[in-house]
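Below are the chains, spelled out letter by letter.
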Amino acid sequence: KAGVTQTPRYLIKTRGQQVTLSCSPISGHRSVSWYQQTPGQGLQFLFEYFSETQRNKGNFPGRFSGRQFSNSRSEMNVSTLELGDSALYLCASSLQGARYEQYFGPGTRLTVT
Amino acid sequence: KNEVEQSPQNLTAQEGEFITINCSYSVGISALHWLQQHPGGGIVSLFMLSSGKKKHGRLIATINIQEKHSSLHITASHPRDSAVYICAVYLSGETSGSRLTFGEGTQLTVNP
């Protein structure tokens, strides 16, 4: 089976712009979770989608949003980018949800200038 | 205080040594994960535990629910084990929502 894929792998944006990141889960996985990793804060949970419904959301401002499509592919969007949004954004897919074994994608490295 | 504390933060070992990384958490959890992250960012799930002990090759993970503590052991360490090891706990809460919460990670370097 193909692994979790994320596009793009690298992205440079300027403050105030918006960005959309994409995640394709392993075939058959209905749960997709998103995480942000920064040197200062480490890994933090953004949100989890299961069968097109947002099941849980982390403590991030409303500028961070996401969605999941009927084929389980997921996108996350960050509007009005700030310098502090520079991070590695990781998605992970799972058969049953984030409580269970997850398979991580390679991540998207976002740099905001 | 972080909900998940890992120790040590950094660990250097010689090839062949037995390694232990510890994880303590302060809240009730329904599951605990050990993850491995190599330079470049890729994360691999090593174990998911809700009780007892699991073994995979040279890796062993244990959890003590009463003491809110888990350990990851690596036997006969090898330079390819050099990576960051991250403990993550799955919190189930009605008010805070269910989510994975991560420790800060342990940077392991195994020298030949």
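Residues numbered from 1 in each chain as written. Chains lettered and ligands numbered in written order. Predicted model: local features only at pLDDT ≥ 70, side-chain atom pairs only at ≥ 80, totals over all residues. Heavy atoms only, no water.

Enquirer: Just give me the short version of the overall build of chain B, but keep the residues and values in it.
Expert: Along its length, chain B carries zero helices and 11 strands. What you see for chain B is a C-alpha radius of gyration of 14 Å, in line with the 13 Å of a compact globule of 112 residues. Its C-alpha atoms put chain B at 50 × 30 × 25 Å along the principal axes. Split into buried and exposed, the 112 residues of chain B put 46% on the buried side. Counting only contacts in chain B whose residues sit at least 6 apart along the sequence, the fraction spanning at least 24 positions is 54%. When the accessible surface of chain B is split by element, carbon and sulfur atoms take 49% of a total near 5,400 Å². If the 8 positive side-chain charges of chain B are averaged to one point and the 8 negative ones to another, these points end up 8 Å apart. (Helix = DSSP H or I, 4+ residues; strand = E, 2+ residues; numbered from the N terminus. Rg over C-alpha atoms; globule rule 2.2 N^0.38 Å. Buried < 20%, exposed > 50% of the residue type's maximum accessible area, 1.4 Å probe, protein only. Contact = heavy atoms within 4.5 Å. Areas by Shrake-Rupley, 256 points an atom, 1.4 Å probe, with all protein chains shown as cover. Lys, Arg positive; Asp, Glu negative; His and termini not counted. Charge placed at Lys NZ, Arg CZ, Asp CG, Glu CD.)

Enquirer: Lay out the packing of aromatic side chains in plain terms, naming residues and giving numbers.
Expert: Ring pairs (aromatic) are described by centroid distance and by the angle formed between their planes. Applying the stated criterion across every chain yields a total of five aromatic pairs over all chains. Ring centres of Y35 of chain A and F102 of chain B lie 5.3 Å apart, and the angle between their planes is 90°; on these two criteria the pair is classed as edge-to-face. A residue pair is termed interchain when its members come from two chains, as with Y35 of chain A in strand β4 (residues 31-38) and F102 of chain B in strand β10 (residues 99-102). Here F102 of chain B falls in the buried class, since its relative accessible area comes to 10%. One aromatic cluster in this structure is built from Y35, F45 and F104 of chain A together with F102 of chain B. It is R55 of chain A that lies over the ring of F50 of chain A; its NZ or CZ is 4.3 Å from the centre. (Phe/Tyr/Trp six-rings, centres within 6.5 Å; stacked < 30°, edge-to-face > 60°. Lys NZ or Arg CZ within 6 Å of the ring centre and 35° of its normal.)

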